[in-house]
Amino acid sequence: MTKSASTSNLPVHPESSQSSFYISVDISNGWPYEEAIPLCKFGITTIHPDWRCWQIEQTLRREWDIEASLALCFHATGRITTIEKELADHTGAWRPEAFGRNAEFRRCDPRQLARLAVFLAERRAQSSLVENRSEGPYDEDSSTEESPNEELSNAFRQSFGQRSSGQRNGREREDNGCVEKVGLFTVGSTLYREPMHPVGETSTEEDSLQKGAPEEDFLEGGSPREGSGAGRSEKSSQDTSGLQGESFQGWGRTPGSGRPLQDGRPLREPRPELGPSSTGVWSGAFTTELSQSDRCLRLRNFFSERRTCLRAKEENVEGSSKEGILGGSITRDDDFSIRISSVQGKLLGEARAQSHYKDLSSYLRAAGTGRDRSAPVVARAGIVLFWALCHLGDPVGPGGWDELRRLLGHFFQAGGGEEALRLVRRHLLARRLRATGGAVEEDDLPPAPKMATPPPSPVSFRLSRERREIIEESAHLSDYESTSAFLRHLALGWDRALPACRRCETVVRWVKERLGNSVQRSDWTQLEDLFWEQSKALLFGEHGEKDPDRALRQAAEHLLGTRLETVSRETGISL
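Residues numbered from 1 in each chain as written. Predicted model: local features only at pLDDT ≥ 70, side-chain atom pairs only at ≥ 80, totals over all residues. Heavy atoms only, no water.

**As for the environment of W532**
Here comes step 1: Positionally, W532 belongs in helix α16 (residues 521–535).
Here comes step 2: A relative accessible area of 41% places W532 in the partly exposed class.
Here comes step 3: W532 has contacts with A537 and L538, leaving out every residue within four places of it along the chain. (Helix = DSSP H or I, 4+ residues; strand = E, 2+ residues; numbered from the N terminus. Buried < 20%, exposed > 50% of the residue type's maximum accessible area, 1.4 Å probe, protein only. Contact = heavy atoms within 4.5 Å.)

**What to know about the nonpolar core**
Here comes step 1: Of all hydrophobic cores here, the largest spans 85 residues; its most connected members are Y363, L364, V507, V511 and W524.
Here comes step 2: The residues contacting L364, other than those within four sequence positions of it, are I338, L348, T369, V459, F461, L487 and A491.
Here comes step 3: Within the second largest apolar cluster, 31 residues are counted, among which are I27, A114, L120 and A121. (Core = buried A, V, L, I, M, F, W, Y, C linked by side-chain atoms within 4.5 Å.)

**Considering unusual backbone geometry**
A negative phi angle is the norm for most residues apart from glycine, just as the trans form is the norm for most peptide bonds.
Here comes step 1: Residue P32 is reached from W31 by a cis peptide bond, and omega for that bond is 10°.
Here comes step 2: The residue after G275, namely P276, is reached through a cis peptide bond having omega -10°.
Here comes step 3: Here P276 shows up in the loop between α5 (234–237) and α6 (294–317).
Here comes step 4: In this structure, R550 takes a positive phi of about 60° despite not being glycine.
Here comes step 5: Summarising the element assignment, R550 is placed in the loop between α16 and α17 (551–560).
Here comes step 6: Using a relative accessible area of 40% as the deciding quantity, one classes R550 as partly exposed.

**A few points about the pattern of salt bridges**
Here comes step 1: Scanning the entire structure with this criterion turns up 33 salt bridges.
Here comes step 2: Between E86 and R124 there is a salt bridge, and its shortest N-O distance comes to 3.3 Å. Residue E86 is found in helix α2 (residues 84–90), and its partner R124 is found in helix α3 (residues 110–131); the two are separated by 38 residues along the sequence.
Here comes step 3: Between R496 and D495 there is a salt bridge; the shortest N-O distance is 3.3 Å. Grouping residues by exposure puts R496 and D495 together as buried.
Here comes step 4: Via salt bridges that share partners, R265, E269, R300, R307 and E473 belong to a single interconnected network. (Salt bridge = Lys/Arg side-chain N within 4 Å of Asp/Glu carboxyl O.)

Rendered as structure tokens:
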């Protein structure tokens, strides 16, 4: 294959001294039309990626006797250049046998490979923001903030989540006759080229994503807020110049057949079903039957909500008399039902009563899709772990206990003292009994708070087609035996990892025994002894450092579904 050296065919690109991340794809076997799973190569380069492709072709021919025609299909600079090793570790299952373990060749869908790179870059950016919020080339308007959901309860919101608070302005530049799209798709990273999505059904969704709407804005009864980014033009989103002189206008469908060749979901939407699924790239710190981290599930739900809103908007444009695209204008045309026992019905009713949802249907829609990961009582119990971590090793007097009561009062309608702790213990114990395989009986649990009559079995509710799809997709990806079991566990908080629930149950029991009394260092030492017996974790290090094994932090973040720095900012309580 001969490379064209004409600079007029090359896109505008960073200086040669700047590192960039690229994915190239072998088009010699007819990708994307005839070949679905081509040979791909990813890596970091300081020269123009098109010339890097030429170098790789020579290496393939010389060392492996492989004739290939590599085309650049993904190109970005910035923070995404830091995830090369992590991406290699997570995609080892896709490496062809002919290549060594350190080779960066993969046989896979290049769009899924790019999606994994984006996901890992965003995940690393989230960690960097927590460790050093002043680091990196981003500002408050363009950073990926961890922010709570919309519902506020006095000093802070009732449920927490992570979102991207906006994106820098996307723009088009024209240089040497080549239109290049430049936009910030993740914190501190600039996108120059991406694998194209199918023409038609999802192009509007891709364009609307560039407007920078945060993931947590599409809550039921809410309204989307405009971000700082600008939408891409049709010309920019379909531009493929510079790809070895080929004209790939209309990528994504086999000529004459209409068969989709590429998945039409945006790069920022996680697609665990496309693999790799066994490396833990999509899961969190704890292994659970859910098989997805909170961020992964929340992001997937965000894009499902966007499809719901886009469909509602299209229906309104086609003549519906409804106003707006959210809330009551969404067509809930699908029925869903789950079977529950009498005890599960009571627990479900209690969880709904402690939330801000007006009825059980809205609660199940939010919990089942992953939109609200802090809806169940089991999840909200993580606030006790947060309080314990804030005061770990320090004397606790009346002021500390008042602080805990205020936290519990904001999270639970049952009150801010013993009633809330009893409710938390009741739900955590039910989670533990269910995990041991035994039946959960009312006599085994602490007394239930006074509440309305529990819902009958089966529980039925209505939801939109897109929300049903995201629930069924997540259930298929999980280890649950059925969609009903998946939804039941998410609604009750039983999807939370048992080790995290056990740690929380230990702390809740310890707090309840000392509530209102003076706590000294010896009391904290007793809690550490309990943790050591339970999980061989220390709460104090050799030099006095707190939570060296991150036992409290990991459990609290897993239950609450967000980083504790978010909780600290919203509550005003320092870690």
